[in-house]
Amino acid sequence: MKIYRAHNYQDMSRKAANILSAQIIIKPDCVLGLATGSSPIGIYDQLVEWYKKDDLDFSRVKTVNLDEYVGIDEDNPQSYHYFMKQNLFSRVNIDMKNVHIPEGTNPDMEGECLSYERAIESIGGIDMQLLGLGPNGHIGFNEPGECFTRKTHIVDLAESTIEANKRFFEDASQVPRQAITMGIGTIMKAKKILMVVDGEKKAKVLKEALTGEVTPKVPASILQLHPDFTLVADDEALKYMNV
Ligand code: F6R
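Predicted, not measured: the structure shown is a model, and the values here were computed from it.

**Brief notes about the pairing of strand β8 (residues 178-181)**
Of the pairings in the sheet, the one linking strand β4 (residues 67-69) to β8 comprises three bridges and is antiparallel in character. What sits directly across from Glu 68, in β8, is Ile 180. Where strand β7 (residues 153-156) meets β8, four bridges bridge the pair, whose relative direction is antiparallel. If you follow Asp 156 over to β8, its bridge partner there is Gln 178.

**Regarding the site of the ligand**
Among the 14 residues in the neighbourhood of the ligand, the closest are listed as Ser 39, Asp 67, His 138, Gly 140 and Lys 202. Residue His 138 places a side-chain N or O atom 2.7 Å away from an oxygen atom belonging to the ligand. One of the side-chain nitrogen or oxygen atoms of Lys 202 is found 2.6 Å away from an oxygen atom of the ligand. Placement of the ligand is best described as lying within the largest pocket. Looking at the shell around the ligand residue by residue, the classes come out as three nonpolar, eight polar and three charged.

**Some words on the nonpolar core**
By size, the foremost hydrophobic cluster in this structure holds 31 residues, and its most contacted members are Ile 139, Met 195, Leu 206, Leu 223 and Leu 231. Every element with two or more residues in this core is listed here: α4 (109-122), α6 (184-188), β9 (192-197), α7 (203-211) and β10 (229-234). Setting aside chain neighbours within four positions, we find Ile 139 in contact with Leu 131, Gly 132, Ile 184, Ile 187, Met 195, Pro 219, Ala 220, Ile 222 and Leu 223. Formed by 30 residues, the second largest nonpolar core is a distinct cluster that contains Leu 20, Leu 32, Leu 56 and Met 84.

The rules behind each value
Residues numbered from 1 in each chain as written. Predicted model: local features only at pLDDT ≥ 70, side-chain atom pairs only at ≥ 80, totals over all residues. Heavy atoms only, no water. Pairing = 2+ DSSP bridges. Helix = DSSP H or I, 4+ residues; strand = E, 2+ residues; numbered from the N terminus. Near = heavy atom within 4 Å. Polar contact = N/O pair within 3.5 Å; in protein donor to acceptor, adjacent residues only side chain to side chain. 1 Å grid on protein atoms, 1.4 Å probe; cavity = no way out; pocket = protein on both sides within 12 Å on 5 of 7 lines; lining within 4 Å. Sits in = over half its atoms within 2 Å of the grid points. Nonpolar A, V, L, I, M, F, W, Y, C, P; charged D, E, K, R; others polar. Core = buried A, V, L, I, M, F, W, Y, C linked by side-chain atoms within 4.5 Å. Buried < 20%, exposed > 50% of the residue type's maximum accessible area, 1.4 Å probe, protein only. Contact = heavy atoms within 4.5 Å.

Structural data, given as structure tokens:
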């Protein structure tokens, strides 16, 4: 496990963007696993800036997103499809044929889960997976539970996740109750994993995940077992860790 300390959100975003851009430069047709939420927005802004300066080329990059809400259309501003277009895809020269995000409105959800797993395999698996950390220790939408999930599946969102994500909606009642997410197994198969965490509110769960017992009750704790895991976190998030 490699841990890089950042002073603040902006510094964290820049350091993580450097790692992602190195991946793109080393392997221009790499498969990037991407995340949504507040954590990666600064990274995407930084990557866009470098793209505009002609320092990065996304033309051969392939992407797979971690998750999507169930029942939300991709043109809905609350969908993760929309988020990705707004924050990254419409701002760089990525070929939309190379973009993969689970389809939250597919009437055949089981089929969608299977075909998402197949799509990831068919493009050669994930070279680098970007992750944020949920306030309850989730990664993707793998909520705390009794076992580690293997593959892409449908989940019922935890109350704490609904509470945390209501900031993107009018109120908590508007937050979808279900999502489609890569499984823990899907995430762990990525060749490299890069997690970004900022803010004091995640300090306790971050310490628990990275120094506590490996348990599905704290899904991110599985990352302790990944052979190439990098964390970039700010001072506040690292408050309880001796690094
Ligand atoms: C997002 C995702 C989630 C978030 C996590 C942290 O695609 O899968 O696991 O990474 O909930 O969210 P933020 O970054 O908004 O604190």
